[in-house]
Amino acid sequence: MSVKIEESWQRVLHDEFEKPYFQHLTAFVRGEYATATVYPPGPQIFHAFDACPFDRTKVVILGQDPYHGRGQAHGLSFSVAPGVRTPPSLQNIFKELHDDLGTPPASDGNLDRWAQQGVLLLNATLTVRASEPGSHQKKGWEQFTDAVIQKVSDLKEHVVFILWGAYAQKKGEVIDGRKHLVLKAAHPSPYAADKGFFGSRPFSKTNAYLEQHGEAPIQW
């Protein structure tokens, strides 16, 4: 079936789009957008892929659900649309970034600047009903994003996978740790950040690994 997604991802994921589960998922998502308020806006469902082509992907940061509040989600994990108040988890990410690299907090929570440098900001579930967290879980998105992770692991080398929290770490079990760097820490949410997220230094570790393998570091 035809899916509007960046060309290199279209090539890599073509077979996935033809599978029955993805066709059922597409029908479900279309029905939801037609009858309910769903985030992110339809054209931004695959924004993570459009902003970070497969051929340029060198870091993957895995989230769970899109934000379910009005105007927040725009297709990138942990990121919010320009002009939207920075959510608590992202505030903690910026705090760790400052402690790790001395980078001052960003003026907003839009992480497109990371995506454009090769950071795939991937949620496990790509859509959600307004004010109903988890409402689009177990509809097929997880199978699709599992396939994305598997493709990156199988077809690329020396990618950094950043897995925050037990959910992301479970989902990342398919990653080949022999040819990629897998960084695990507690989730940056206010409920967990002080249990191993703060002080984990993912940004400096990522850049050191990328430079070690001949890649430009991320300007976080």
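Residues numbered from 1 in each chain as written. Predicted model: local features only at pLDDT ≥ 70, side-chain atom pairs only at ≥ 80, totals over all residues. Heavy atoms only, no water.

Trainee: Help me out: how do you make sense of the overall build of the protein chain in this one?
Mentor: Helices and strands together make up the secondary structure of the protein chain, namely 8 helices and 6 strands. The globule rule puts the C-alpha radius of gyration for 220 residues at 17 Å, and the 17 Å found for the protein chain is close to it. Taken along the three principal axes of its C-alpha coordinates, the protein chain extends 45 × 35 × 25 Å. In the protein chain, buried positions account for 54% of the 220 residues. (Helix = DSSP H or I, 4+ residues; strand = E, 2+ residues; numbered from the N terminus. Rg over C-alpha atoms; globule rule 2.2 N^0.38 Å. Buried < 20%, exposed > 50% of the residue type's maximum accessible area, 1.4 Å probe, protein only.)

Trainee: Teacher, can you tell me more about unusual backbone geometry here?
Mentor: As a rule of thumb, non-glycine residues mostly have phi less than zero, and peptide bonds are mostly trans rather than cis. Cis geometry marks the peptide bond from Tyr39 to Pro40, where omega comes out at -5°. Counting through the fold element by element, Pro40 comes out in the loop between strand S1 (38-39) and helix H3 (47-51). Of note, the phi angle at Phe78 is positive, near 70°, even though the residue is not glycine. With respect to the helices and strands, the residue Phe78 is situated in the loop between strand S2 (59-63) and helix H4 (88-101). What makes Phe78 buried here is its relative accessible area of 9%.

Trainee: Explain the side chain of Ser153 to me, please; I cannot follow it from the model alone.
Mentor: With respect to the helices and strands, the residue Ser153 is situated in helix H6 (residues 141-155). Ignoring anything within four residues of it in the chain, the contact list for Ser153 reads Phe161, Val174, Ile175, Asp176, Lys179 and His180. (Contact = heavy atoms within 4.5 Å.)

Trainee: Looking at this structure, I do not really get the packing of helix H1 (residues 7-17) against H6. What am I missing?
Mentor: Relative orientation of the contacting elements H1 and H6 amounts to 130°, with a least axis distance of 11 Å. Judged by the inter-axis angle, H1 sits oblique to H6. Where H1 crosses over H6, the two elements pack in a sense that is right-handed. When H1 is examined against H6, the residues Trp9, Val12, Leu13, Glu16 and Phe17 are found in contact with a partner set consisting of Gln143, Phe144, Ala147, Val148, Lys151, Val152 and Leu155. (Axes fitted to C-alpha atoms, helices over the stretch in contact; angles between N-to-C directions. Parallel < 35°, antiparallel > 145°, perpendicular 65-115°, else oblique. Left-handed = near helix turned anticlockwise from the far one by under 90°.)

Trainee: So what exactly am I meant to see when it comes to the environment of Thr86 here?
Mentor: With respect to the element layout, Thr86 can be found in the loop between S2 and H4. Residue Thr86 is classed as buried on the basis of its relative accessible area of 16%. Residues in contact with Thr86, not counting those within four places in the same chain, are Gln91, Phe94, Asp108 and Gly109.

Trainee: What is the right way to look at the pattern of salt bridges in this model?
Mentor: As a working rule, side chains carrying opposite charge can pair if their charged atoms are close by. As enumerated under the stated definition, the model contains 9 salt bridges in all. One salt bridge connects Arg129 with Glu132, and the closest N-O pair in it is separated by 3.9 Å. Overall, Glu132 belongs to the partly exposed group, its relative accessible area being 37%. What you see here is one network of salt bridges that share partners, running through Glu32, Arg129 and Glu132. (Salt bridge = Lys/Arg side-chain N within 4 Å of Asp/Glu carboxyl O.)

Trainee: Even after reading the chapter, I still don't get the sheet that holds strand S6 (residues 181-185), so can you show me in this structure?
Mentor: Sheet architecture is open: 4 strands sit in the order S3-S2-S5-S6, paired in parallel fashion. Taken across any chain shown, the strands that pair with only one partner, and hence form the sheet edges, are strand S3 (119-123) and S6. Taken pair by pair, the neighbouring strands of this sheet meet at an average axis angle of 20°, ignoring direction. The pairing of strand S5 (residues 160-164) with S6 spans 5 bridges and is parallel. Among the inter-strand pairings, Phe161 is bridged to a residue of S6, identified as Val182. Sheet strands in contact with helix H8 (residues 202-212) are S2, S5 and S6, and its direction is about 165° off that of S5. (Pairing = 2+ DSSP bridges.)

Trainee: Whenever I open this one, H6 confuses me. Can you help?
Mentor: Counting along an α-helix, one turn takes 3.6 residues, and residues three or four places apart therefore face a common direction. Given a rise of 1.5 Å per residue, 15 residues ought to cover 21 Å, and the 21 Å separating the end C-alpha atoms of H6 matches this to within 8%. For H6, every residue scored as buried is listed here: Trp141, Glu142, Phe144, Thr145, Ala147, Val148, Ile149, Val152 and Ser153. (Expected span 1.5 Å × (residues − 1).)

Trainee: Hey, could you run me through H1 in this one?
Mentor: Those residues of H1 not exposed but buried are Ser8, Trp9, Val12, Leu13, Glu16 and Phe17. All buried residues of H1 fall inside an arc of 150° around its axis, so they share one side. Opposite the buried face of H1, at more than 90 degrees from it, the exposed residues are Glu7, Arg11 and Asp15. Here the buried face of H1 lies against helix H2 (20-35), H3, S3 and H6. (Arc of directions from axis to C-beta.)

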